[in-house]
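# Coordinates in review
So the chains spell out like this:
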Amino acid sequence: MSITRYPAASRRAAIGIVHLGLGAFHRAHQAVYLERYRQRSGDDAWGICSANLRGNVALVDGLAAAGHRYHVAEYTDSENVALREIGTIEETLFSGRDAGGQWGRDLDALLERMAASETRIVTLTVTEKGYFLNPASGELLSDDPMIAADIAEPSRPRTAPGMLVEALARRRAQGVAPFTVLCCDNMPDNGRRTRNAVVQLAARRDPELATWIEREVAFPCSMVDRIVPAMTERDAARLAELGVADAQAVACEAFSQWVVEDSFPQGRPYWEADGVEMVDDVAPFETMKLRLLNGSHSLLAYLGALDGIATVAEAVARDDLRALLHHYMHREAAPTLSLPAGTDLSGYAASLLARFGNDSLQHRLQQIAMDGSQKLPQRWLQGAVAQRQAGAALPATALGLAAWIRYAAGHDLRGNRVEVSDPLAARFADCHARHGGDPAALIDAFMAMDDVVPPALAADAAFAADVLDAYRRLTDDGLAAALARVTHA
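Residues numbered from 1 in each chain as written. Predicted model: local features only at pLDDT ≥ 70, side-chain atom pairs only at ≥ 80, totals over all residues. Heavy atoms only, no water.

### Some details on the side chain of Arg 38
Within the secondary structure, Arg 38 is located in helix H2 (residues 30–41). Arg 38 has contacts with Ala 9, Arg 11, Arg 12, Ala 13, Asp 43, Asp 44, Gly 87, Thr 88 and Glu 90, leaving out every residue within four places of it along the chain. (Helix = DSSP H or I, 4+ residues; strand = E, 2+ residues; numbered from the N terminus. Contact = heavy atoms within 4.5 Å.)

### Quick notes on the packing of helix H16 (residues 395–407) against helix H20 (residues 461–477)
For the pair H16 and H20, interaxial distance at closest approach is 8 Å and the crossing angle is 60°. Comparing the axis directions of H16 and H20 gives the class oblique. For the crossing formed where H16 meets H20, the hand is right-handed. Seen from H16, the contacting residues are Thr 397, Ala 398, Leu 399, Leu 401, Ala 402, Ala 403, Ile 405 and Arg 406; seen from H20, they are Phe 463, Asp 466, Val 467, Ala 470, Tyr 471, Leu 474 and Thr 475. Of the residues in the contact of H16 with H20, the class split is 11 nonpolar, two polar and two charged. (Axes fitted to C-alpha atoms, helices over the stretch in contact; angles between N-to-C directions. Parallel < 35°, antiparallel > 145°, perpendicular 65-115°, else oblique. Left-handed = near helix turned anticlockwise from the far one by under 90°. Nonpolar A, V, L, I, M, F, W, Y, C, P; charged D, E, K, R; others polar.)

### Things to note about the pattern of salt bridges
Applying the stated criterion across every chain yields a total of 30 salt bridges. The closest approach of N and O atoms between Arg 38 and Glu 90, which form a salt bridge, is 3.7 Å. Taken together, the residues span a long stretch of sequence, with Arg 38 in helix H2 and Glu 90 in strand E6 (residues 89–94) at a distance of 52 residues. Judged by its relative accessible area of 6%, Glu 90 is buried. The residue Asp 225 makes a salt bridge to Arg 355 at a minimum N-O spacing of 2.8 Å. (Salt bridge = Lys/Arg side-chain N within 4 Å of Asp/Glu carboxyl O. Buried < 20%, exposed > 50% of the residue type's maximum accessible area, 1.4 Å probe, protein only.)

### Some points on the sheet that holds strand E7 (residues 121–124)
A sheet is described by the order of its strands in space; here five strands give the open sequence E6-E3-E2-E7-E8, paired in parallel fashion. Looking along the sheet, the strands with just one partner apiece sit at the ends: E6 and strand E8 (180–183). When strand polarity is set aside, the average angle formed by the axes of neighbouring strands in this sheet is 20°. (Pairing = 2+ DSSP bridges.)

Here it is, written out as structure tokens:
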């Protein structure tokens, strides 16, 4: 194996960025860019304080015990890896619920850090559901227990929007300029959606605060791209063979992309020299990535998992699933895109298939299948509305939707359990309990979920009929027959 090693910078940095969502993606993406920037520039003003808002306190404390150093293994393929030591995270905090049910162990320290004048950027990777927005309408889920708690006790927030509101309120009261809020989650118009969540929540507290946030706070959009699977025992064993014993290590692909709207009133690192694309409009990049890469991932996740396939690489090795992705990307997703000038769509699609086939990454389909109700509107359904209005047939999208509905039953086509991890999982289970024996009623029930399915698509009887036909073919005849119906059309 060819190994390239990159040690971390030995010096410490002042904290200029607070990050909400200390997960694998943050550690393998944004933190890597900041590490490279520090190594190249010598600028020590942009260290990171990273906070976990959920239950993994062991990661927070493990990083602290390791001096906030950890490793990222970047695999080009199974024979070529770059091993980076990352040291740009200077502080880790935990504000979630502990094993005893108590919230916010480090919340006071986190809010103090966010309110400090030295903090000029707050970044987020909290997943789509972490913004507590209705995926279809963009309205704040004010009845959600977490948001309701933030409304009732705004000074002790539990959610990312609540923490942003409280920290910004403190800065406003102290006469400190607001930080820039940079969303790094896979959502269209992610900066604007973040602003929407924060402003709506602030309005429940103080309309003047909401107006100030809307007027004064920058929420640039961004597009992030790197495949970062959850770590497995196999990944840890491979790192041990390289001499790395690191419980906080991350394995990922070598490819990485970050496109950011350039709106940072309080300043930012000079990321351009390290490959970040600073642009005026992120929308074409983010829509292309969401519908081609993420949309294809979701197709593989639901269809592959239903047939007992474990990983992306295993799924894309099947000729019929590769053919489905080719059809979907070129004929159903591409017509919905306004591509950046000079984009080679065929080359981009081919590169995605090559990345999916990187068998050095064990990217599990059930990980991708999580939170489908939050992901599918932007990955499939919003593009499908435009396509259907233009009169296009969408057999791959219909089959994907049918597979998602069938996956929500909680077992695959062979009867083996699959994990349905979704904010609406209880509603899915109820639909299957009520209508599992009547596919037509089941499809109608799922299509009527107006917080997932856009009304224009729900009212499209012909599309619903296609979903029902795909569901029956999938459940009665199996995956191969269902795929053949699409790829041989």
